[in-house]
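Architecture and fold: a report
What follows is each chain in one-letter form.
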Amino acid sequence: MATVKLVLAFFLSLFQILTPVTALVVNLGEGNFFSEWSATDKFTADYCAEIEKNPDEDFIILNLADVQLKDDLVYEEQGVKTEEMIDKLVEETKPDLITLTGDNAWGTIAYIKLINQIDSYGIPWAPVMGNHDGQCLINEFWAAYLLFKAKNCLFEFGPENMGYGNYIINITESGKIIHTLYMLDTHNGAEYILDDGSTIGGYDHLWNNQIEWYKWAVNGISEISGKNVESSVFIHIPVCEYKDAWVKAYGSNETGTLAPELAPDAIGVRGEDVCCPPVNNGFFDVCKELGSTKNIFAGHDHVNNFQIYYEGIRLNYTLKTGYGAYYTDGLTGGTVISVDSDGAAFAEHIYITE
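Below: a short report on this structure. (Residues numbered from 1 in each chain as written. Predicted model: local features only at pLDDT ≥ 70, side-chain atom pairs only at ≥ 80, totals over all residues. Heavy atoms only, no water.)

A separate point is the pattern of salt bridges. Counting across every chain of the model gives seven salt bridges. Taken together, the shared-partner salt bridges in this structure form one network comprising K243, R270 and D273. (Salt bridge = Lys/Arg side-chain N within 4 Å of Asp/Glu carboxyl O.)

As structure tokens, this is what we get:
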């Protein structure tokens, strides 16, 4: 039955499958979908998407991480249970915005099905790309275009030569920016040249031009707001400091559970090594220097859910959503980020088990 449903879904999705391909041909390549950017450009508020917060309530963001279903699973038990989990999270949290921290789906039908489900809630949503987005698909542009065209999705391709999906969302109250979300693409894999001239392969991260773009935006928003606006960064692959923070809080590099007495500075579980780049790109230090970003949210490592306040910034793993790829029982669900009227953001995990 699941196979029949998959075949039927393929034919019913042909228009969505072919639309990005058609758009690519008509526009003679990807170039027209990206924006031009220079560090000398003047920053203006209309550069960012904007969502107005109800002054009487916290602004609620629901994050879904690493849903990562394959085509052959979407109509099997794993897919059905994952869909039900997302429905339940949305129903329970009633978010003002839904975010996804990458590795959204593997496979053409799985990607379309996830997009259609999230879009059906009628809630603004904003994904970033993970290292697996684009795999088992036509290509990464195909996935990005579908996100870009989804009715309620805020995804933008962003500046050229920075990957797919670098964009900014301002949360406002009474017309004033109170919190900014930076949605950034950490790419896939990379080769690094070490000081001794040797090379090492590993996960990629933010490129130098992305970091310059982030600095430009932080300074621009500060200028138009008359203050340093608190912000959060959403990425897929964690920065190297997640490893340093764990060792400092836990006392060793072993896996385990942070003791409750460490809260609120450090809570959660490390069930696997922090899968970050082998070379530090300096982004965390830039965040510290500018003083805007108080939270970094990453996915990528499915059985890590720890949150550690480290050198002025809270490093958060977003909770693995659903039953695609690997997971640990009891460590699945979503992460809710609440933003108050002062612009302060605090995250907690919402666990949903079988």
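That covers the picture; the talk isn't over yet.
Relative to the helices and strands, D301 is located in the loop between β13 (293–298) and β14 (307–310). Among buried charged residues, D301 stands out as having no salt bridge; its nearest opposite-charge side chain is R270, 8.2 Å away. At 2.5 Å, the side chain of D301 and the side chain of Y317 are in polar contact. Sequence-distant contacts of D301, that is, excluding residues within four places in its chain, are made with P238, E272, D273, V274, C275, Y317 and Y326. (Helix = DSSP H or I, 4+ residues; strand = E, 2+ residues; numbered from the N terminus. Buried < 20%, exposed > 50% of the residue type's maximum accessible area, 1.4 Å probe, protein only. Lys, Arg positive; Asp, Glu negative; His and termini not counted. Polar contact = N/O pair within 3.5 Å; in protein donor to acceptor, adjacent residues only side chain to side chain. Contact = heavy atoms within 4.5 Å.)

This next bit is on the nonpolar core. L64, Y111 and W125 are the most contacted members of the largest nonpolar core, which totals 63 residues. The contact partners of W125, leaving out residues within four places of it in the chain, are L97, I98, L100, I115, I118, D119, L147, A150, N152, C153, L154 and F155. In this structure, V239, A266, C276 and F283 belong to the second largest nonpolar core, which totals 40 residues. (Core = buried A, V, L, I, M, F, W, Y, C linked by side-chain atoms within 4.5 Å.)

Here helix α2 (residues 14–26) spans 18 Å end to end across 13 residues, near enough to the 18 Å set by a 1.5 Å rise per residue. Here α2 has its buried residues at I17, T19, P20 and A23. (Expected span 1.5 Å × (residues − 1).)

The strands making up a sheet associate through hydrogen bonds between their backbones, and the pairing can be parallel or antiparallel. What the five strands build is an open sheet, ordered β4-β3-β2-β16-β17; its pairing is mixed. In the strand order of this sheet, the two ends are held by β4 (125–128) and β17 (345–351), each with one partner. Each neighbouring strand pair of the sheet contributes to a mean axis angle of 20°, computed without reference to strand direction. Bridge analysis of strand β2 (residues 59–64) against strand β3 (residues 97–101) gives four bridges, and the strand direction is parallel. Following the sheet pairing, I61 is matched in β3 by L97. Helix α3 (residues 77–93) rests against β2, β3, β16 (333–339) and β17 of the sheet, and its axis sits at about 170° to β2. (Pairing = 2+ DSSP bridges. Axes fitted to C-alpha atoms, helices over the stretch in contact; angles between N-to-C directions.)

Strand order across the open sheet formed by eight strands is β1-β5-β6-β9-β13-β15-β14-β11, with mixed pairing between neighbours. Taken across any chain shown, the strands that pair with only one partner, and hence form the sheet edges, are β1 (49–52) and β11 (266–267). In terms of strand pairing, β13 meets strand β15 (residues 313–317) through four bridges, oriented parallel. Its bridge partner being in β15, N295 is matched across the sheet by R314. This element, helix α8 (residues 283–290), spans β9 (231–234), β13, β14 and β15 of the sheet and lies at about 140° to β15.

So, about the packing of aromatic side chains. Under the counting rule described, the total for this entry stands at 28 aromatic pairs. Plain terms: the ring middles of Y214 and F283 are 5.0 Å apart, the flat faces sit at 70° to each other, and that makes the pair edge-to-face. One end of the pair, Y214, is in helix α6 (residues 208–225); the other, F283, is in helix α8, with 69 residues separating them in the sequence. A single burial state applies to Y214 and to F283, both of which are buried. Between Y323 and Y327, the aromatic rings sit 5.1 Å apart at their centres with planes inclined by 70°, giving edge-to-face as the arrangement. On the basis of relative accessibility, which here comes to 4%, the residue Y323 falls in the buried class. (Phe/Tyr/Trp six-rings, centres within 6.5 Å; stacked < 30°, edge-to-face > 60°.)

A cluster of like negative charges, contributed by D56, E57, D58 and D96, occupies part of the molecular surface. The class of D56 is exposed, set by a relative accessible area of 71%. (Patch = residues over 30% accessible without salt bridge, like charges linked within 9 Å, V, L, I, M, F, W, Y side chains within 5 Å. Areas by Shrake-Rupley, 256 points an atom, 1.4 Å probe, with all protein chains shown as cover. Charge placed at Lys NZ, Arg CZ, Asp CG, Glu CD.)

Turning next to a nonpolar patch on the surface. On the surface, a cluster of nonpolar side chains totalling about 450 Å² of accessible area is made up of V7, F10, F11, L14 and L18. For the nonpolar patch, the secondary structure elements donating two or more residues are α1 (2–12) and α2. The element best represented in the nonpolar patch is α1, accounting for three residues. Examined against the element boundaries, L14 turns out to sit in helix α2.

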